[in-house]
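Residue-level structural notes
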Amino acid sequence: MAVERDKRVSTVNFIASDSALRVMAEELGLRGRNNLAGQILGGKKASRKIQQQANADIGANIASGSYPADAMVVIPCSVGSLARIANGIASHLIERAADVCLKEKRPLVLCVRETPLNKIHIRNMYRAADAGATVFPLIPAFYNRPASLDVMAREFAYRVLAHIGLPQADAYRWKG
């Protein structure tokens with residue numbers, strides 16, 4: 001993971017909803033919920049930079065505007081999370097932390113994962129963008145001719161990180 005080695009990043013607050021945990025377990029072949037961050041990093045011990053937060057902990061540090069967070073990325077962002085964020089329904093930590101980013105005018109990137117989109121989804125994307133979020137759909141780039149799914153996913157992550165001010169040296173650069 002790029003931010004694990006990035007000296008510009010001191011802390012990553014990692015939150016996963018129950019739905020996300022289930023999807024990750026199924027799609028990535030993960031077992032259990034212990035050391036989820038470490039499992040996502042490829043079975044390694046989780047970095048000290050990564051602080052796993054419980055989505056039910058509405059009183060966590062990142063639920064406060066006085067907590068010094070620079071940006072938030074919701075990846076993947078379900079259309080359910082999008083709807084709650086876009087409409088100010090902050091009953092869990094993910095939505096509350098996103099709400100804090102919007103009210104404090106901090107970058108909030110929503111990597112929406114859904115297709116096809118219905119009018120409700122599109123309206124919620126508009127509402128979120130109008131409130132200050134960036135809607136950044138999970139659409140891979142092909143112009144770099146990725147050789148594998150890992151390369152494709154890594155390039156997408158690089159694009160998201162660059163969007164929040166953390167450009168990555170290994171990212172593909174268009175040469176025209």
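In what follows, the structure referred to is the one given above.
Not measured: the values here are computed from a predicted model.

What counts as what
Residues numbered from 1 in each chain as written. Predicted model: local features only at pLDDT ≥ 70, side-chain atom pairs only at ≥ 80, totals over all residues. Heavy atoms only, no water. Helix = DSSP H or I, 4+ residues; strand = E, 2+ residues; numbered from the N terminus. Rg over C-alpha atoms; globule rule 2.2 N^0.38 Å. Buried < 20%, exposed > 50% of the residue type's maximum accessible area, 1.4 Å probe, protein only. Areas by Shrake-Rupley, 256 points an atom, 1.4 Å probe, with all protein chains shown as cover. Lys, Arg positive; Asp, Glu negative; His and termini not counted. Charge placed at Lys NZ, Arg CZ, Asp CG, Glu CD. Contact = heavy atoms within 4.5 Å. Polar contact = N/O pair within 3.5 Å; in protein donor to acceptor, adjacent residues only side chain to side chain. Axes fitted to C-alpha atoms, helices over the stretch in contact; angles between N-to-C directions. Parallel < 35°, antiparallel > 145°, perpendicular 65-115°, else oblique. Left-handed = near helix turned anticlockwise from the far one by under 90°. Nonpolar A, V, L, I, M, F, W, Y, C, P; charged D, E, K, R; others polar. Pairing = 2+ DSSP bridges. Core = buried A, V, L, I, M, F, W, Y, C linked by side-chain atoms within 4.5 Å. Patch = residues over 30% accessible without salt bridge, like charges linked within 9 Å, V, L, I, M, F, W, Y side chains within 5 Å. Salt bridge = Lys/Arg side-chain N within 4 Å of Asp/Glu carboxyl O.

Along its length, the protein carries 7 helices and 5 strands. Taken from N to C terminus, the helices and strands of the protein fall in the order α-β-α-α-β-β-α-α-β-α-β-α. Relative to the 2.2 N^0.38 estimate, which gives 16 Å for 176 residues, the radius of gyration of the protein is 16 Å and therefore close to what a compact globule would have. Seen through its C-alpha atoms, the protein measures out along the principal axes to roughly 40 × 35 × 30 Å. For the protein, buried positions account for 36% of its 176 residues. Summed over its atoms, the accessible surface of the protein is roughly 10,900 Å², and 53% of this surface lies on carbon and sulfur atoms. Computed over 24 positive and 15 negative side-chain charges, the inter-centroid distance for the protein is 3 Å.

Attention shifts here to the environment of Arg84. Relative to the assigned elements, Arg84 resides in helix H4 (residues 79–86). Judged by its relative accessible area of 29%, Arg84 falls in the partly exposed class. Each C-alpha atom, one on Arg84 and one on Arg48, is 30 Å from the other, the two residues being 36 residues apart in sequence. The residues contacting Arg84, other than those within four sequence positions of it, are Ile89 and Glu95. Polar side-chain contacts of Arg84 include one of 2.8 Å to the side chain of Glu95.

This part covers the packing of H4 against helix H6 (residues 119–131). The contact between H4 and H6 brings their axes to 9 Å, and the two run at 45°. As far as their axial angle goes, H6 and H4 are oblique. Our pair here, H4 against H6, has a crossing hand that is left-handed. Contacts from Val79, Leu82, Ala83 and Ala86 of H4 reach H6 at His121, Asn124, Met125, Arg127 and Ala128. Taken together, the residues of the contact of H4 with H6 sort by class into 6 nonpolar, 2 polar and 1 charged.

A few words now on the pairing of strand S4 (residues 108–112). Burial analysis of S4 places 5 of its 5 residues in the buried class, the great majority of the element. With burial as the criterion, each face of S4 is covered, one bearing Leu108, Leu110 and Val112 and the other bearing Val109 and Cys111. For strand S3 (residues 72–77) and S4, the ladder comprises 4 bridges, and the chain directions are parallel. By the bridge assignment for S4, Met72 is matched with Leu108. With 2 bridges joining them, S4 and strand S5 (residues 134–135) adopt parallel strand pairing. Among the inter-strand pairings, Val109 is bridged to a residue of S5, identified as Thr134.

Attention shifts here to the nonpolar core. Among the nonpolar cores identified, the biggest contains 24 residues, and Met72, Val74, Leu82, Ile85, Leu108 and Leu110 are the most heavily contacted of them. Going through the elements one at a time, S3, H4, helix H5 (93–103), S4 and H6 are the ones with two or more residues in this core. Among the elements that make up this core, the one with the highest residue count is H5 (6 residues). Apart from residues no more than four positions distant in its own chain, Leu110 is found in contact with Val74, Cys77, Leu82, Ile85, Ala128, Ala133, Thr134, Val135, Phe136 and Pro137. Residues Ala16, Leu21, Met24 and Ile50 belong to the second largest nonpolar core, which totals 6 residues.

On to a nonpolar patch on the surface. On the surface, Tyr143, Tyr172 and Trp174 cluster together into a nonpolar patch covering about 370 Å² of accessible area. Among the secondary structure elements, Tyr172 is positioned in the segment after helix H7 (149–163). Classification of Tyr172 by relative accessible area gives partly exposed; the value is 30%.

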